[in-house]
Amino acid sequence: MKNIFIYIILLWSGIIFSQNEQLANNYYDKGDFEKAKLIYEDLLKSSPSNTQYFLRTIDCYQQLQQFDLAEKTIQERYNRYKQGAFLVELGYNYQLQKNESKAKNYYDQAIEKIKTNPNDVYGVGNAFERKVLLEYALKAYQTGMQVQPNYNFNFQIGMLYGQLGKTDLMIDLLLTESYNNQQNANLIQTQLSRFMNGETDNTAFKDAMRKALILRTQKEQDVFWNHYLSWFYVQQKEFGKAFIQEKAIYKREPESLISIVNLSQFALNEDDTETASEILNFILQNTKDRDLLIQSNASLMQIKIDKAQEKDYPAITNELQQLLVTYEVNPFTLSLQLIQAHFLAFNLKKTEEAKAVVKKALELNLNAYQQADAKMELADILLLEEKYNQALIYYSQIQLDLKNDVMAHEASLKAAKTSYYKGDFEWALKQFKELKSANTQLIANDALEYFLLINDNTAADSTQTALKQFAKGDFLLYQNKKQEAITQFQNILKSFKGQEIEAVTLLRLGKIYESQKDYASALSQYQQIIDNHSDGIYVDEALFFSAEIYNDELKDIEKAKPLYEKVIFNHQDSIYFVDARKKYRELRGDKNL
């Protein structure tokens, strides 16, 4: 009984202690340093060895300009522990008082202390970094390696070079470190990637990286550098150049195609279908692995279908049938079976044949994810046939079978769209609202778009008349009836001119015209949004999509630049902001934006 009582007291004390820490942190974050100081002082008395409490206490003193008290407290701690990091704290206390000579004296003492006690380099270097005293941090790590040659701070030194703008030194040191300690290569690549894709313009950094890697690839003739150069090109989304490196690697190490397979997926994810097709054909020529052959053929067929015109349909039909004859109908060829079903339903409008293909697949010995894939396709086809309730049943089964999985979220999104298509806007709105916070960004963005569409147009028109017509147009798009969809959206513009629905209707028409490569018509729709709905939620998309057409399709850089610029300066909260900034810099070469 006595032990239980002691345990309860200790547990309660721990809870109170934790609450006090949280309270202190809250005061500190709000800038109420007087209140935060009092609690941190109490916490430090209870846990005198806690470095975090000590540093927060000192910071509160300094924020309140109680520099003498800060110096006394730091000095007492230094006398007790004799650690060089506290010399840095003393120096910084003087720096805050604009006493540069005394600050420098303590900083130099901290560096000297490393010479007599090399282990102090960790605390001293970290303390200098924490205070953003980068030159001193650099000197601390360099001193540590001089005194103790078996110490390795090349990573820290390399990162400091980068922060100091000495990018050539950074690149050279980190590449050398990657090679000498290849177990750290991934960590180093992560940091290099942050420099390449950071907030500031880094064209010069990328150029320096490219040159350094090419030089090492040519000079050292080690496959390690081919791997590194391939990684670099993937970061830049230059998948064709990455493929050149991967082929060079494969010639010397033909044991595995895994890197090339991964590269094909990267290219597909970024819609670089030309490079993806080249890579996939290379895989087909260099493997006898049945699963890989099926996977590669399935990806190639999907690329062909996405690009196909009606005249290509007979050839695609024959090719799909031949592949299923070659590899047979079994669980391993499910991807091919579902591609065939989708093609039959959405391209050839043969929904009964398509459903038969899927139902036959569901009779196979499939795992849970394969069953979900097949049910998703069947639901999509049922939705195509306007059999909304049957489609919803299958989407709901996936949600139940794979709770919290990405596929479950995808099924939820499709279920919400089904409700939207059939005009059940209240239920659809609830579902889209929940999906706005989905872990998958694409699903979250899609859900947000539909949530805003329904919410805004319901507020503008309680009868939802325009929204019902718009949902009908969207459903025609889902059914791959583009011409009928164009007519539907054009009728909306005539019937609801100047109303809330107008801007998003123009946006839909613009995207349809883009898909048909009718860029003049697409630009016309976007320009109407820019001219007449400049204060609306779709103007950033109109600007960005227009810029993309001028840049990528019409090659009119001078018209693309000001459009990207408007996204950058007027729409910082846009999901297209980062891409717009990157494209703008590439076109203008402005390193100071």
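Please refer to the structure higher up on the page.
Residues numbered from 1 in each chain as written. Predicted model: local features only at pLDDT ≥ 70, side-chain atom pairs only at ≥ 80, totals over all residues. Heavy atoms only, no water.

Observations concerning the packing of helix 25 (residues 441-460) against helix 28 (residues 501-515)
Geometrically, a packed helix pair is captured by the angle between its two axes and the distance between the axes. At a minimum axis separation of 10 Å, helix 25 and helix 28 run at an interaxial angle of 145 degrees. In this structure, helix 25 contributes Glu449, Tyr450, Leu453 and Asn457 to the contact, and helix 28 contributes Ile501, Val504 and Arg508. Among the residues forming the contact of helix 25 with helix 28, the class breakdown is 4 nonpolar, 1 polar and 2 charged. (Axes fitted to C-alpha atoms, helices over the stretch in contact; angles between N-to-C directions. Helix = DSSP H or I, 4+ residues; strand = E, 2+ residues; numbered from the N terminus. Contact = heavy atoms within 4.5 Å. Nonpolar A, V, L, I, M, F, W, Y, C, P; charged D, E, K, R; others polar.)

Topic: the nonpolar core
In this structure, Tyr420, Phe432, Leu453, Phe470 and Ile501 are the most contacted members of the largest nonpolar core, which totals 88 residues. In terms of residue count, helix 21 (residues 368-384) provides more of this core than any other element does, 9 residues in total. Membership of the second largest hydrophobic core comes to 85 residues, among which are Ala24, Phe33, Ile74 and Tyr78. (Core = buried A, V, L, I, M, F, W, Y, C linked by side-chain atoms within 4.5 Å. Buried < 20%, exposed > 50% of the residue type's maximum accessible area, 1.4 Å probe, protein only.)

Some thoughts on the side chain of Gln189
In this structure, Gln189 sits in helix 11 (residues 185-196). Not counting the four nearest positions on each side in its chain, Gln189 is found in contact with Tyr228 and Trp231.

Examining unusual backbone geometry
Not every positive phi belongs to a glycine, and Lys98 is a case in point at roughly 65 degrees. Position of Lys98 relative to the elements: it lies in the loop between helix 5 (85-96) and helix 6 (100-116). The residue Gln221 is not glycine, and still its phi comes out positive at about 50 degrees. Take Gln221: it is sitting in the loop between helix 12 (203-220) and helix 13 (223-235).

Looking at the packing of helix 8 (residues 134-147) against helix 9 (residues 154-163)
Two numbers describe how helix 8 lies on helix 9: the axes approach to 10 Å, and their chain directions differ by 155 degrees. It follows that helix 8 is roughly antiparallel to helix 9 by the angle criterion. Judged by the twist between their axes, the crossing of helix 8 over helix 9 is left-handed. Seen from helix 8, the contacting residues are Leu134, Ala137, Leu138, Tyr141, Gln142 and Met145; seen from helix 9, they are Asn154, Gln156, Ile157, Leu160, Tyr161 and Gln163. Residues of the contact of helix 8 with helix 9, tallied by class, amount to 8 nonpolar, 4 polar and no charged. (Parallel < 35°, antiparallel > 145°, perpendicular 65-115°, else oblique. Left-handed = near helix turned anticlockwise from the far one by under 90°.)

Focus: the pattern of salt bridges
Applying the stated criterion to the full structure yields 27 salt bridges. Residue Asp207 pairs with Arg210 through a salt bridge whose shortest N-O separation is 3.2 Å. Taken together, the residues span about one helical turn, with Asp207 and Arg210 both in helix 12 at a distance of 3 residues. Between Asp380 and Lys414 there is a salt bridge, with the nearest N and O atoms lying 2.8 Å from each other. (Salt bridge = Lys/Arg side-chain N within 4 Å of Asp/Glu carboxyl O.)

Some details on helix 10 (residues 167-180)
The first and last C-alpha atoms of helix 10 sit 20 Å apart over 14 residues, in line with the 20 Å expected at 1.5 Å per residue. Of all the residues in helix 10, the buried ones are Met170, Ile171, Leu173, Leu174, Leu175, Glu177 and Ser178. (Expected span 1.5 Å × (residues − 1).)

Let's talk about helix 24 (residues 425-435)
Of all the positions in helix 24, only Phe425, Ala428, Gln431, Phe432 and Leu435 are classed as buried. One side of helix 24 holds all its buried residues, which, seen down the axis, span an arc of 125 degrees. Projecting away from the buried face of helix 24 at angles above 90 degrees are the exposed residues Glu426, Lys433 and Glu434. Elements that come into contact with the buried residues of helix 24 comprise helix 23 (406-421), helix 25 and helix 26 (465-478). (Arc of directions from axis to C-beta.)

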